[in-house]
Amino acid sequence: MTDVDLNARANGACEFCGVTEGLAALEQPPAGPLLLCAICRGDSAPDSPAHWQCLQGAAWSEVPAVQFAVWRKLGEIEEPWASDLRETMYLSDEAQSWADAPEALVHRDANGAVLATGDTVVLIKDLPVKGGGFTAKRGTAVRGITLVDDNAGHIEGRVDGQRIVILTEFVKKR
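Predicted model, so just to flag it, every value in this text is computed and none were measured. (Residues numbered from 1 in each chain as written. Predicted model: local features only at pLDDT ≥ 70, side-chain atom pairs only at ≥ 80, totals over all residues. Heavy atoms only, no water.)

## Side note on the nonpolar core
The criterion, for reference: Nonpolar cores are built from buried Ala, Val, Leu, Ile, Met, Phe, Trp, Tyr and Cys residues. Side-chain atoms within 4.5 Å join them into one set. The cut-offs for exposure are 20% and 50% of the maximum accessible area for each residue type, with area from a 1.4 Å probe on protein chains only; residues under the lower value are buried, those over the upper are exposed, and the others partly exposed. A helix here means a DSSP run of H or I that spans at least four residues, while a strand means a run of E at least two residues long, and both kinds are numbered starting from the N terminus. Whether two residues are in contact is decided by their heavy atoms: any pair within 4.5 Å suffices.
Ranked by internal contacts, the top residues of the largest apolar core, which has 27 residues, are F16, L55, V70 and L74. Counting residues per element, the ones that place at least two in this core are β2 (32–36), α3 (55–58), α4 (64–76), α5 (80–88) and α6 (93–100). Ranked by residue count, the leading element in this core is α4, at six residues. Those residues in contact with L74, other than ones at most four positions away along the chain, are L55, W81, A82, L85, R86 and M89. Ranked by size, the runner-up nonpolar core spans 15 residues in total, among them V129, V159, I164 and F170.

## Regarding the sheet that holds strand β6 (residues 141–142)
Applied cut-off: Whether two strands pair comes down to DSSP finding at least two bridges between them.
Spatial strand order, β6-β3-β10: three strands in an open sheet with antiparallel pairing. Sheet topology places β6 and β10 (171–173) at the edges, where each strand pairs with a single neighbour. Both strand β3 (residues 121–123) and β6 contribute to a ladder of two bridges, which runs antiparallel. When the bridges of β6 are listed, V121 appears paired with V142.

## Overview of the packing of α4 against α5
To keep things clear, this is the line we draw: With axes taken as lines fitted to C-alpha atoms, and helix axes fitted only over the stretch in contact, angles between N-to-C directions fall between 0 and 180 degrees. Helix crossings fall into two classes, left-handed where the near helix is turned counterclockwise from the far one by less than a right angle and right-handed where it is turned clockwise. Residue type decides the class: Asp, Glu, Lys and Arg count as charged, Ala, Val, Leu, Ile, Met, Phe, Trp, Tyr, Cys and Pro as nonpolar, and the leftover types, Gly among them, as polar.
Contact pair α4 / α5: the axes reach a minimum separation of 8 Å and the direction vectors enclose 145 degrees. Viewed along their axes, α4 and α5 form a crossing whose handedness is left-handed. Residue-level inspection shows W71, L74 and G75 of α4 in contact with α5, the latter providing W81, A82, L85 and R86. Residue composition of the contact of α4 with α5, by class: five nonpolar, one polar and one charged.

## Things to note about the pattern of salt bridges
Quick note on the threshold: Salt bridges are defined by distance alone: a side-chain nitrogen of Lys or Arg within 4 Å of a carboxyl oxygen of Asp or Glu.
By the definition in use, this model includes five salt bridges. Its salt-bridge partner being K73, residue E76 comes within 3.3 Å of it at the nearest N-O pair. With a gap of three residues between them, E76 and K73 both fall in helix α4, about one helical turn apart.

As far as function goes, none of this settles anything; it's purely spatial.
Quick look at the structure:
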């Protein structure tokens, strides 16, 4: 969707709160982009927690991407009204399928950088290898890592000729 199409869909206003200043697109996988203000994008803090009350109106949007994004945001807010609204929301079939799909795991290193299969990482701590009888030393480069599909905190790589599982909190991307 182009910026022109996105702006037309949103009528030049934040699709959550309706503000017209500081708008920019924010990707909401798998739904696509939304036009949001800086506060709703998370680039700046709201003046008060009451800002998120705007989601009560946005929850009834006819746009599946907006429905899904509101549903997701309501899940992050730890207020009784947010959980009540989330439970009573009607989602289109498309938005419901996105909500029902498990979120994709994102593997991140100790600094928060996203890891991908084939990346090279460096150990930031000496790690005793259980069952291997050796210690993987800090500074060791692990090339061609693979991501563990069901655990974002684990990667696999070859160290000293042995394939081992490494916790992502002990590596940094090279």
